[in-house]
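Close look at the chain arrangement
These are the residues of each chain, in order.
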Amino acid sequence: GNSNKDIARCTCTILKNMAFAGVFKHVSESRLDSILRTLLQKVNSFNPEDTFSLEVQREALHAIVATYQACEPARGTLQLVAATFSRCSNSSDNRLAQYAQQGLDILS
């Protein structure tokens, strides 16, 4: 249960920090694509009953925003990410909505 989620959250945090540090500028597009898809999976496999799941979701979304600030991802992933941002921008969780809005601002 939660130990897996803790690992997931830490992974998202590490990816977020790597993106902010500019590490992804040197990553191939296909590699970047798989990182983004993994993060999207974390955002979208959300269980509203589970508060810890929200923590993972926030970190994953924040990591996606950070990645987008750093690089220009592939078109296919762009659509998935845009859809995720707009869905999450309506979240009842303020932090999640805030990250999603940041993402939408970057995309626009």
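These numbers were taken from a predicted model, which means no experiment stands behind them.

Our focus in this paragraph is the nonpolar core. By size, the foremost hydrophobic cluster in this structure holds 26 residues, and its most contacted members are Phe24, Leu39, Leu61 and Ile64. Elements supplying a minimum of two residues to this core: helix 1 (2–20), helix 2 (29–44), helix 3 (51–70), helix 4 (75–88) and helix 5 (94–107). When residues of this core are assigned to their parent elements, the largest contribution, nine residues, is made by helix 3.

Under the definition given, this model contains six salt bridges. In this structure, Asp33 engages Arg37 in a salt bridge whose closest nitrogen and oxygen atoms are separated by 3.0 Å. Of this pair, Asp33 and Arg37 both sit in helix 2, four residues apart, roughly one helical turn. In this structure Asp33 comes out as buried when scored by relative accessible area, which is 18%. In this structure, the salt-bridge partner of Asp93 is Arg58, at a minimum N-O distance of 2.7 Å. With Asp93 in the loop between helix 4 and helix 5 and Arg58 in helix 3, this residue pair connects regions lying 35 residues apart in the sequence. Residues Asp93 and Arg58 agree in their burial class; the two are buried. Beyond isolated ion pairs, a larger network of salt bridges with shared partners links Asp6, Arg9, Glu55, Arg58 and Asp93.

Each value, and the rule that gives it
Here the residue numbers are simple positions, counted from 1 along each chain's written sequence. Thresholds applied to this predicted model are a pLDDT of at least 70 for local features of residues and 80 or more for the giving and counting of side-chain atom pairs; totals over whole chains, interfaces and linings are not thresholded and use all residues. Calculation of side-chain values draws on the structure's entire complement of heavy atoms; hydrogens and water are dropped beforehand. Here the nonpolar core consists of buried residues drawn from Ala, Val, Leu, Ile, Met, Phe, Trp, Tyr and Cys, with membership extended through side-chain atoms lying within 4.5 Å. With a 1.4 Å probe rolled over the protein chains alone, any residue whose accessible area is under 20% of its type maximum counts as buried; one over 50% counts as exposed, and the rest are partly exposed. Secondary structure follows DSSP: runs of H or I at least 4 residues long count as helices, runs of E at least 2 residues long count as strands, and numbering of each begins at the N terminus. Any carboxyl oxygen of Asp or Glu within 4 Å of a side-chain nitrogen of Lys or Arg constitutes a salt bridge here.

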